[in-house]
Structures are given as structure tokens and as C-alpha cells.
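The lines below spell out each chain.
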Amino acid sequence: MINLNRLAMFVAVVEAGSFTAAALALGTTKAVVSFNIKQLEHELGVALLVRSTRRLAMTEAGEGFYADCANLLRQADAAVDTARAGQGDLSGSLRVTASVDYGNRVVAPALAAFARQHPGLRIHYQAGSAHADLISERLDLAIRVGAQEDSRHRAARIGEFKLLLVAAPDLLARHGMPRTAQALAALPWLANRAGRSDRWRLADSKGREHELRVEPVAQADTASALLAFALAGCGVAALPDWLLQEPLARGELRRVLPSYTLPPQPVYAVYPDTRHVSAKVRQFIDFLRERSGG
């Protein structure tokens, strides 16, 4: 039978990038790690790693084995968490990723509050791509905005937020405050590169839908970048309400056609579809849902 500790060492070496770094992370010696990896390769009958003086790389067999090991260790951790549930405070590590803007504004503060409630829990947070591979990167949870189409994972809706149409007073002084959807479409627009940028669907106060065809003058892949363009008077932007409280309060931006609304943006907690869902993942989802009012 393969020793699970050796699987954990193999995963640690891959993720740390070297035997020395893996040994440091595991609290052991490089010699112990090297011996166990050699034994693992001997037991499997395949080479998992290619070693040289400058770099360490996985073989083709090693790449597939790493993904399976990472998933197996995740399930083992979840099974242990489930067995310990109700026996004390949460422990171990919780690895969470989220988009840069929503993550830094909403998820990171929630994680900090959650960590204060569970001091035995080690938090690993990374803000980045919405396409992070949960399995290969050994992530417990991803907080994602918008419709979810990845059927490989489970998705729990935790809330939603509004998109508000805003523009700088300077831009409105130059072009005039629009009074109709058609006048709004004629203004310079800013768009998120991740979505459809030339068409927008708005609903008026009577619930009637209007489709706007616009020509964006600038695009960006983060809400904070769009906010910078909007503050500079470059165009109209549809930005999340959680990013606009201060600019609106200071008068740096103004709502445009506030009686018209954009579809609300759902927020999901996405996590691997494993047999056991750990207590720490379940509890953080509930915690974030409560903070988000979902």
C-alpha cells in the first residue's frame, strides 16, 4: 500500500518548487523528502520528477499523478474535518480565491473576521483569475461573480449586488445629463473586457426593457480600473455598488438615469465536487452569506 505521507510530500515538492522548500514547509529535512520521493517512484514504477541542478519539473506521469494526489489529499482533509466537526474549533488551512476587486473589498475582510472567530485556522487567500483551477491549486473555495457554467464543481449562491450607471460631473457638463436611454447610449462608454461590451440591457421604472448599443471608448478587466477611467471623466461606467459609496458621497461621480436598472449580479461560492465538504468550507460559506445578506 502506498504511504499517504509520501503523496503529501510529492504534492509539497511540486507546489514548493524544490526539495529544500518542501522540507522547510513540512518541517523536516531535504534528505527525508528526497528519500520518500525516490521510494514513491520505486513503488509506482514510474518517474514523477525530472531533477537538474537548476530546476525541477514533473514528467507526464507526474502531472497526472499530482492532480489525483491533490484531490485525494483534499478529500482526506475534508473527511477528517467532518469527523472532528462539533468536537472543537476549526483547524487546518482554508484556501480561498476571489476576483481582485470583489475579493479585496468583500471577501478578504470577511476572511479576516472569520479567522478571528477561529484562531486555529490558517487562512490562505489569493486574489486573481476567475479561471483558477481549484483541484490542481488545492483551493478549497472560489468566490465568483456572475453566471456559473463550470459543471465540474458545486456552486452555492451567497448573494448579489447592484450595478450602478455613473459618470463624472465633468463628463456630464460636457455632454449633458441624459434624460432618455437613447441619449445615454450616445455618451462615451467604459466597459468590462470580461463581458459583452457593446450591448446593455436596462429596465425602466415600469419594468420595460431597453437594449442599448454603445461603442466603448475604453475597456479594462477590473472594476477598479474602470473606476479610475470614470473618475477621470472618460465615460459612463456600470460599476458595483460596493465600489461606489465613497466616490458618490464625495461627489466625484454621479448616478446617471437612476430610474433605470441593470440586472443584479449574483455571487457564488464554488468548491470541488467531492464526497466530503469540510466543515470549514461549509461554515465560511454560511458566514459570507450572512455578511452579504444572501
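What you see is a predicted model; the values in this text were computed from it and never measured. Along each chain, residues carry numbers from 1 onward, in the same order as the chain's sequence is written. Per-residue local features of the predicted model are confined to residues with pLDDT of at least 70, and side-chain atom pairs are confined, for both listing and counting, to 80 or more; whole-chain, interface and lining totals are unaffected and use all residues. Think of the side-chain values as coming from all heavy atoms in the structure, minus any hydrogens and water.

Novice: Would you explain the overall build of the protein in this entry?
Specialist: Segments assigned H or I by DSSP are reported as helices when at least four residues long, segments assigned E as strands when at least two residues long, and all are numbered from the N terminus. For the protein, the helix and strand inventory stands at 10 helices and 14 strands. Partly exposed residues are those whose accessible area sits between 20% and 50% of the maximum for their type, while under 20% is buried and over 50% is exposed, using a 1.4 Å probe and protein chains only. Considering the protein as a whole, with its 294 residues, one finds that 42% of them fall into the buried category. Throughout, a contact is declared for two residues whenever any of their heavy atoms are within 4.5 Å. Of the contacts formed within the protein by residues at least 6 apart in sequence, a portion of 74% connects residues at least 24 apart.

Novice: Where do I start with the pattern of salt bridges in this structure?
Specialist: Where charged atoms of side chains with opposite charge meet at close range, the side chains can pair. In what follows, salt bridge is the name for a side-chain nitrogen of Lys or Arg lying within 4 Å of a carboxyl oxygen of Asp or Glu. Taken as a whole and judged by the stated rule, the model has 9 salt bridges. Taking the shortest distance from any N to any O, the salt bridge between E160 and R157 comes out at 2.6 Å. A relative accessible area of 47% places E160 in the partly exposed class. By relative accessible area, R157 is classed as partly exposed at 41%. With a closest N to O distance of 2.8 Å, D204 and R208 form a salt bridge. Several salt bridges share partner residues, and in doing so they unite R201, E209 and E211 into one network.

Novice: Can you help me understand the sheet that holds strand β6 (residues 153-161) in this one?
Specialist: Two modes of strand pairing occur in sheets, parallel and antiparallel, and in both the strands are linked by backbone hydrogen bonds. Pairing is mixed across the open sheet formed by 5 strands, whose spatial order is β4-β3-β5-β14-β6. The open sheet has two free edges, formed respectively by β4 (121-127) and β6, since each of these has just one partner strand. With strand direction ignored, the average angle separating the axes of adjacent strands in the sheet is 20°. Strand pairing is assigned whenever DSSP detects at least two bridges linking the two strands. The pairing of strand β5 (residues 141-145) with strand β14 (residues 265-272) spans 4 bridges and is classified as antiparallel. Pairing of R144 across the sheet is with Y268, part of β14. A fitted line through C-alpha atoms serves as each axis, taken over the contacting stretch for helices, and the angle formed by two N-to-C directions is quoted from 0 to 180°. In the packing of helix α10 (residues 279-292) onto the sheet, contacts are made with β3 (92-98), β4, β5, β6 and β14, and the angle to β6 comes to roughly 20°.

Novice: Could you clarify how one ought to interpret the sheet that holds strand β7 (residues 163-167) in this entry?
Specialist: Across the sheet, which stays open at both edges, the 3 strands sit in the order β12-β7-β13 with antiparallel pairing between neighbours. The two strands at the open ends of the sheet, each matched to only one other strand, are β12 (237-240) and β13 (254-255). With 4 bridges connecting them, β7 and β12 associate as antiparallel partners. Note on β12: the bridge partner recorded for V166 is A237. Packing against the sheet, helix α9 (residues 241-249) makes contact with β7, β12 and β13, and its axis sits at approximately 105° to β12.

Novice: Looking at this structure, how should I read the pairing of β4?
Specialist: Regular strands have side chains that alternate between both faces of the sheet. Pairing of β3 with β4 involves 7 bridges; the strand directions are parallel. Residue S93 lies in a different strand from β4, and its bridge partner there is R122. Considered for its hand, the β-α-β crossover made up of β3, helix α5 (residues 100-117) and β4 is right-handed. A clockwise course of the path from the first strand over the helix to the second, judged with the strands pointing away from the viewer, identifies a crossover as right-handed.

Novice: Help me out: how do you make sense of the packing of aromatic side chains in this one?
Specialist: A pair of Phe, Tyr and Trp rings is counted when the ring centres sit within 6.5 Å of each other, with Trp represented by its six-membered ring. The angle between the planes then sorts it: under 30 degrees is stacked, over 60 is edge-to-face, the rest tilted. Applying the stated criterion to the full structure yields 8 aromatic pairs. Centroid distance F161 to W242: 5.7 Å. Interplanar angle 80°. Geometry classified as edge-to-face. Pair noted here: F161 is in strand β6 and W242 is in helix α9, with a separation of 81 residues, a long-range link. The two residues F161 and W242 agree in class, both being buried. A centroid spacing of 5.5 Å and a plane angle of 35° characterise the contact between W189 and W200, whose relative ring orientation is tilted. Taken together, the residues W189 in strand β8 (residues 189-192) and W200 in strand β9 (residues 199-203) connect sequence positions 11 residues apart. W189 sits in the buried class, given a relative accessible area of 0%. Assessed through its relative accessible area of 14%, W200 is described here as buried. Feature note: the residues Y102, F161 and W242 constitute an aromatic cluster, connected by ring pairs.

Novice: Just to check I follow, could you spell out unusual backbone geometry for this structure?
Specialist: A positive phi angle, near 45°, is found at L257, a position not held by glycine. Here L257 shows up in the loop between β13 and β14.

Novice: Sorry, what's going on with the packing of helix α1 (residues 4-16) against helix α3 (residues 30-44) here?
Specialist: At a closest axis distance of 9 Å, the pairing of α1 and α3 adopts a crossing angle of 115°. As the angle between them shows, α1 and α3 are arranged roughly perpendicular. By crossing handedness, the relation of α1 to α3 is classed as left-handed. Where α1 approaches α3, its residues R6, L7, M9, F10 and V13 are matched on the opposing element by V32, V33, F35, N36, I37, Q39, L40 and E43. Residue type decides the class: Asp, Glu, Lys and Arg count as charged, Ala, Val, Leu, Ile, Met, Phe, Trp, Tyr, Cys and Pro as nonpolar, and the leftover types, Gly among them, as polar. The class makeup of the residues in the contact of α1 with α3 is 9 nonpolar, 2 polar and 2 charged. Reported orientations rely on four angle classes, namely roughly parallel under 35 degrees, roughly antiparallel over 145, roughly perpendicular from 65 to 115, and oblique for the rest. Rotating anticlockwise by less than a right angle from the far helix to the near helix defines a left-handed crossing, while the corresponding clockwise rotation defines a right-handed one.

Worth remembering: the numbers are spatial, not functional.
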